[in-house]
Amino acid sequence: MMGCLLKIKGNKIVFSILVFVFLCFLSNEKAHSKFSNTGQKGASDTKQLLFLGNKTLPPMIYTQKGKTTGIVVDLAEALKKRMEQPVEIKYMDWSQAQQLVLEGRADALLQINPSQDREKIYDFSDSLLESEFSIFSSSGCAPRGISDLKGVRVGVEKNGLPIELLKRDASIKTVIIPDILSGFHLLSRGELDVIIADRWVGCYIVAEHKIKNIMIRGTIERSNSAIAVKKGN
């Protein structure tokens with residue numbers, strides 16, 4: 001837990017730098033043309049777009065005092081101001097959000113990590129933020145990598161990247177958790193052996209909720225998140 005706390009303090013600076021860099025990126029012509037319609041103006045130019053994010057992903061996206069906040073919220077709002085078309089941004093259940101985009105009832109997903117399976121159904125923007133999917137466990141269990149997860153109860157979210165990575169090995173038993181905070185409570189009670197979560201998110205939750213005896217044991221994947229739209233959109 002101490003390692004998480006130290007990371008969180010340092011990462012506040014990193015977040016500020018990321019926001020500054022991303023806003024600079026948005027201000028150039030390449031970024032402007034990438035996310036806006038530059039053809040002749042018509043009815044399609046005024047259609048309101050719907051961007052969706054995962055509502056339980058602190059410190060990226062989360063609700064505080066009834067208001068949705070977080071670094072991805074700030075980036076999405078900055079992006080919204082640069083687009084020619086009106087944009088509505090909503091934060092909701094992540095499985096439902098992905099399904100809405102696939103059905104054409106929403107236009108884009110915020111903060112999603114590419115994978116082989118996802119690239120078959122989505123197109124992705126340039127990189128948004130770096131993700132590091134790590135193994136969190138109690139003091140009694142110390143797996144270091146995917147090969148150490150066989151025979152242990154592994155908590156993962158339903159439609160997150162970790163479950164896609166782990167399903168390649170049928171010997172790994174995954175348990176679906178409603179969100180990372182709930183998973184940490186199950187881990188503390190001994191109902192799970194490990195949780196796989198984004199390192200930034202996991203450390204933030206451990207520190208914010210003062211969850212004791214949780215350790216980072218290793219990393220199973222590093223990747224960069226992006227904004228995704230339905231394939232061919």
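Residues numbered from 1 in each chain as written. Predicted model: local features only at pLDDT ≥ 70, side-chain atom pairs only at ≥ 80, totals over all residues. Heavy atoms only, no water.

Asks: An account of the sheet that holds strand 12 (residues 226-230) is needed here, citing residue identities and associated values.
Replies: Taken together, 5 strands build an open sheet; the order of strands is 4-1-5-12-6 and the sheet is mixed. Sheet topology places strand 4 (87-92) and strand 6 (122-124) at the edges, where each strand pairs with a single neighbour. With strand direction ignored, the average angle separating the axes of adjacent strands in the sheet is 30°. When strand 5 (residues 108-112) meets strand 12, the two strands line up antiparallel, connected through 2 bridges. In the strand pairing of strand 12, L109 is matched with A228. Relative to strand 4, helix 3 (residues 71-82) is tilted by about 165°, and along the sheet it contacts strand 1 (49-54), strand 4, strand 5 and strand 12. Relative to the sheet, helix 4 (residues 94-102) contacts strand 1, strand 4, strand 5, strand 6 and strand 12, its axis offset from that of strand 5 by approximately 140°. (Pairing = 2+ DSSP bridges. Helix = DSSP H or I, 4+ residues; strand = E, 2+ residues; numbered from the N terminus. Axes fitted to C-alpha atoms, helices over the stretch in contact; angles between N-to-C directions. Contact = heavy atoms within 4.5 Å.)

Asks: Help me get a handle on the nonpolar core, residues and values and all.
Replies: Counting residues in hydrophobic clusters, the biggest one holds 36 residues, and the most contacted among them are F51, M60, L110, F184 and I195. For this core, the elements supplying multiple residues, two or more each, are strand 1, helix 3, strand 4, strand 5, helix 6 (180-188), strand 10 (194-198), helix 7 (199-208) and strand 12. Ranked by the residues each element gives to this core, the list is headed by helix 3, at 6 residues. The contacts of F51, once residues within four sequence positions are left out, are L79, M83, V87, E88, I89, K90, D107, A108 and L110. Among the nonpolar cores identified, the runner-up in size contains 15 residues, and V152, V154, I163 and I196 belong to it. (Core = buried A, V, L, I, M, F, W, Y, C linked by side-chain atoms within 4.5 Å. Buried < 20%, exposed > 50% of the residue type's maximum accessible area, 1.4 Å probe, protein only.)

Asks: Hey, could you go over the packing of helix 6 against helix 7 for me, with residue numbers and the actual values?
Replies: How two helices sit against one another is set out by the angle between their axes and by the gap between those axes. Helix 7 packs onto helix 6 with a crossing angle of 65° between their chain directions and a minimal axis gap of 10 Å. Viewed along their axes, helix 6 and helix 7 form a crossing whose handedness is right-handed. Residues I180, L181 and F184 of helix 6 lie in contact with helix 7, whose contacting residues are V201, G202, I205 and V206. Residue composition of the contact of helix 6 with helix 7, grouped by class: 6 nonpolar, 1 polar and no charged. (Left-handed = near helix turned anticlockwise from the far one by under 90°. Nonpolar A, V, L, I, M, F, W, Y, C, P; charged D, E, K, R; others polar.)

Asks: Could you give an account of the packing of aromatic side chains, naming the residues involved and the relevant values?
Replies: One pair of aromatic rings is described through two measures. These are the centre distance and the angle between the planes. If you walk through the whole model with that rule in mind, you get 3 aromatic pairs. Aromatic side chains Y62 and Y204 sit 5.7 Å apart centroid to centroid with 50° between the ring planes, which places their arrangement in the tilted category. Separated by 142 residues along the polypeptide, Y62 in strand 2 (residues 62-64) and Y204 in helix 7 bring together distant segments of the chain. Residue Y62 is classed as buried on the basis of its relative accessible area, which comes to 16%. Judged by relative accessible area, which is 15%, Y204 ranks as buried. Between Y122 and F124 the ring centres are 6.3 Å apart and the planes differ by 75°, which places this aromatic pair in the edge-to-face class. (Phe/Tyr/Trp six-rings, centres within 6.5 Å; stacked < 30°, edge-to-face > 60°.)

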